[in-house]
Amino acid sequence: MSGPLIVLVGPMGVGKSTVGELLAGRLGTTYRDTDADVVATAGKAIPDIFFDHGEEHFRALERQAVRDALDRHTGVLALGGGAVLDAGTRALLTGRPVVYLSMDVDEAVRRVGLNTARPLLAVNPRRQWRDLMDARRPLYEEVAAATVATDTRTPDEVAQAIIEALELPEGTDEPVPAGQEKTRMTEQGTTRIQIAGTAGTDPYEVLVGRQLLGELPNLIGDQAKRVAVLHPEALAETGEAVRTDLAAQGYEAIAIQLPNAEEAKTVEVAAYCWKALGQTGFTRTDVVIGVGGGATTDVAGFVAASWLRGVRWIAVPTTVLAMVDAAVGGKTGINTAEGKNLVGAFHPPAGVLCDLAALDSLPVHDYVSGMAEIIKAGFIADPVILDLVEADPQGARTPAGPHTAELIERSIRVKAEVVSSDLKESGLREILNYGHTLAHAIEKNERYKWRHGAAVSVGMVFAAELGRLAGRLDDATADRHRTVLESVGLPLTYRGDQWPKLLENMKIDKKSRGDLLRFIVLDSIGKPTVLEGPDPAVLLAAYGEVSA
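Residues numbered from 1 in each chain as written. Predicted model: local features only at pLDDT ≥ 70, side-chain atom pairs only at ≥ 80, totals over all residues. Heavy atoms only, no water.

(A) View of the overall build of the protein. When helices and strands are tallied, the protein shows 23 helices and 16 strands. Counting all 548 residues of the protein, 55% fall into the buried class. A fraction of 74% describes how many contacts in the protein between residues 6 or more apart in sequence connect residues 24 or more apart. Split by element, the accessible area of the protein, about 21,900 Å² in all, is 50% carbon and sulfur. (Helix = DSSP H or I, 4+ residues; strand = E, 2+ residues; numbered from the N terminus. Buried < 20%, exposed > 50% of the residue type's maximum accessible area, 1.4 Å probe, protein only. Contact = heavy atoms within 4.5 Å. Areas by Shrake-Rupley, 256 points an atom, 1.4 Å probe, with all protein chains shown as cover.)

(B) Quick peek at the pairing of strand E12 (residues 331–336). As paired strands, E12 and strand E13 (residues 339–346) are joined by five bridges and run antiparallel to one another. Its bridge partner being in E13, Lys331 is matched across the sheet by Phe346. The loop that links E12 with its antiparallel partner E13 comprises two residues. (Pairing = 2+ DSSP bridges.)

(C) Geometry of the pattern of salt bridges. This structure, assessed with the given rule, holds 35 salt bridges. Arg137 is the salt-bridge partner of Asp134, the closest N and O atoms lying 3.9 Å from each other. One end of the pair is Asp134 and the other is Arg137, both in helix H7 (residues 125–143) and three residues apart, which spans about a single turn. Take Arg137: its relative accessible area is 33%, and that puts it in the partly exposed class. In this structure, the salt-bridge partner of Glu263 is Lys449, at a minimum N-O distance of 3.7 Å. Highlighted residues: Glu263 in the loop between strand E9 (252–258) and helix H12 (267–280) and Lys449 in the loop between helix H19 (436–445) and helix H20 (452–469), separated in sequence by 186 residues. The class for Lys449 is exposed, based on a relative accessible area of 62%. Residues joined by salt bridges that share partners form a network here, namely Glu262, Lys265, Asp298, Lys340 and Glu443. (Salt bridge = Lys/Arg side-chain N within 4 Å of Asp/Glu carboxyl O.)

(D) Spotlight on the sheet that holds strand E14 (residues 351–355). Spatially, seven strands are ordered E6-E7-E14-E11-E10-E8-E9 in an open sheet, and the strand pairing comes out mixed. The open sheet has two edge strands, strand E6 (191–195) and E9, and neither has a second partner. Between one strand axis and the next, the sheet turns by 15° as a mean value, whatever way the strands run. Judged from the four bridges that link them, strand E8 (residues 226–232) and strand E10 (residues 287–292) form a sheet pairing that is parallel. By the bridge assignment, Val227 is partnered in E10 with Val287. Relative to E8, helix H11 (residues 236–248) is tilted by about 170°, and along the sheet it contacts E8, E9 and E10. Seen against the sheet, H12 touches E8, E9 and E10 and runs at an angle of roughly 165° to E9. (Axes fitted to C-alpha atoms, helices over the stretch in contact; angles between N-to-C directions.)

(E) Main features of the packing of aromatic side chains. By the definition in use, this model includes seven aromatic pairs. Ring geometry for Tyr100 versus Tyr140: centroids 5.0 Å apart, planes at 20°, classification stacked. Within this pair, whereas Tyr100 is found in strand E4 (residues 98–102), its partner Tyr140 is found in helix H7, the two being separated by 40 residues in sequence. Among the residues examined, Tyr140 registers a relative accessible area of 0% and is labelled buried. (Phe/Tyr/Trp six-rings, centres within 6.5 Å; stacked < 30°, edge-to-face > 60°.)

(F) Inspection of helix H22 (residues 499–506) at higher detail. Buried within H22 we find Trp499, Leu502, Asn505 and Met506. Taken end-on, H22 shows its buried residues confined to a sector of 120°, consistent with a single buried face. In this structure, the buried residues of H22 make contact with H19, H20, strand E15 (518–524) and helix H23 (536–544). (Arc of directions from axis to C-beta.)

(G) Representation of the confidence of the model for the protein in the model. Residues of the protein with pLDDT of at least 70 account for 88%, and the chain-wide mean is 86. Long-range and interchain partners of residues 112–124, a stretch whose pLDDT sits below 50, account for 39 contacts in this model, where long-range means more than four residues apart. Overall, residues 172–188 carries pLDDT values under 50, and its contacts beyond four positions in sequence, including any with other chains, amount to 27 contacts. (pLDDT = per-residue confidence, 0-100.)

(H) Molecular detail of unusual backbone geometry. The phi torsion at Ala261 lies on the positive side, around 55°, for a residue other than glycine. Looking at the element boundaries, Ala261 is found in the loop between E9 and H12. Not every positive phi belongs to a glycine, and Arg309 is a case in point at roughly 60°. With respect to the helices and strands, Arg309 occurs in the loop between helix H13 (294–306) and strand E11 (312–317). Among the residues examined, Arg309 registers a relative accessible area of 77% and is labelled exposed.

(I) Main features of helix H1 (residues 16–27). Here H1 contains 12 residues, and its C-alpha end-to-end distance of 16 Å stays within 8% of the 16 Å for a straight helix at 1.5 Å per residue. Phi turns positive, to about 70°, at Gly28, one or two residues after H1. (Expected span 1.5 Å × (residues − 1).)

(J) Summary view of the nonpolar core. Among the nonpolar cores identified, the biggest contains 96 residues, and Val206, Ile375 and Phe462 are the most heavily contacted of them. Excluding anything up to four places from it in sequence, Val206 contacts Thr191, Arg192, Ile193, Ile195, Val328, Val352, Cys354 and Ile412. (Core = buried A, V, L, I, M, F, W, Y, C linked by side-chain atoms within 4.5 Å.)

(K) Local environment of the packing of H20 against helix H21 (residues 475–487). At a minimum axis separation of 9 Å, H20 and H21 run at an interaxial angle of 170°. As summarised for this structure, H20 and H21 are arranged roughly antiparallel, according to the angle between their axes. The residues of H21 that touch H20, namely those facing Ser457, Met460, Val461, Ala464, Glu465 and Arg468, are Asp475, Ala478, Asp479, His481, Arg482 and Leu485. (Parallel < 35°, antiparallel > 145°, perpendicular 65-115°, else oblique.)

(L) Main features of the sheet that holds strand E5 (residues 146–149). The strand order E2-E3-E1-E4-E5 describes an open sheet built from five strands, whose pairing is parallel. Because the sheet does not close on itself, it has two edges, and the strands there are strand E2 (31–33) and E5. With strand direction ignored, the average angle separating the axes of adjacent strands in the sheet is 25°. Bridge count for E2 against strand E3 (residues 76–78) is three bridges, and the pairing is parallel. Looking across to E3, one finds that Arg32 is bridged to Leu77. Sheet contacts for helix H2 (residues 34–42): E2 and E3; angle to E2, the most-contacted strand, approximately 60°.

Encoded structure:
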């Protein structure tokens, strides 16, 4: 019977993708995932398929994807967690080298407790997990030629156990397709990006991958007794799941719910958090965890920086913007009536967990907003980012795109290199504010109702035009800003009649020195510089280029 060399089945979060990629590498073959096939066919993420069309429609797509893969794929194949529910699929698996990857409920909660994108597993997961497995375990066992428990094993150990169970020879002569090795390194497993300690701060790591909840206890450490999980209202279930999991591991864990988005970044909200920490008896050895987007991350870091003059904190960003910007670098803060982030502190986290699974259910406008910071990193430091976006603009708009992990990792590395050299924005770090001077003025003018990335997009076009008019930037690069940003759906213009208000707002920007306006502009791609005190006529002309 022709078909896959190995077929992996098992519940969500068991590690089929990670183990499948490892197996493919060790056996010299290719890896395929039917969930990825379904996403490619539907043109949308799996949670969106469930939401828009229902489970029955998803199962029909899954059924066809499994049949196609069993007919055509000869390497390692992973099936979705519910594929075995279909009797026809189970019949097709008869006699094939199927391996059931199993795990118990505690391990399941550790691995998937942060995954808000699981459409059939609520995030208070123990009871739901047991109910799900009671229905599916007999079906996994029915189709399996071998069962491999994953609970106490690393992915490498699981892969070795599968090879031994099926008595497979390692290292066939079939070549691994070009690019497969890079995918294995950057998209499967966990990427660790080092941030150097500066100005008396400790170094830390940014982890990018999936199923990262298990890393939290290591980051919290043995000295902490209490943990406070700060989360926005929109992620109430996720925040409670994290709190419950940490409580089960022996910590005195509390959850503090914040308002959504920029409404959280006020002194009143910070004071509410301080009160909760005081009532809980938080000490300097205890830990704050921020689970959410950029605003939550800013508040969590600021609360940690200001409580007892600084306690440790961990960032668990759940949006693109938070992953590539707010969670990395230690800039924390809240807004005031006079401007954005004017009150804050430099207080680096003890670690950052960027779980890419959280992006699967992110609304498209929020996802695209985060792309502005990624594109910014491309212009100021890493032009490969721009090449990747231009090669597939539609793919760049969605977490299902082919370059999602690489774009996020590259953006984080840009920021990591800068903040490792300049924690407190005394020099080099200013380049990260490319496009932000006008962006912050727009956000204030809109009473923080505009998405940050949308404002940064307009701000970058303005900065490009300012650089062009100042004789710093060539026409082609200035025009490239428009084409790249527009290709992913970001705005290029703002209301022309608002210039006087925006100019006043920019005068209190953090980069200003006295009454001297300062802007980050480009001399060329990857060569940002400071433009001080530009002629007011030049500023007005540059704004004219972004005026609607």
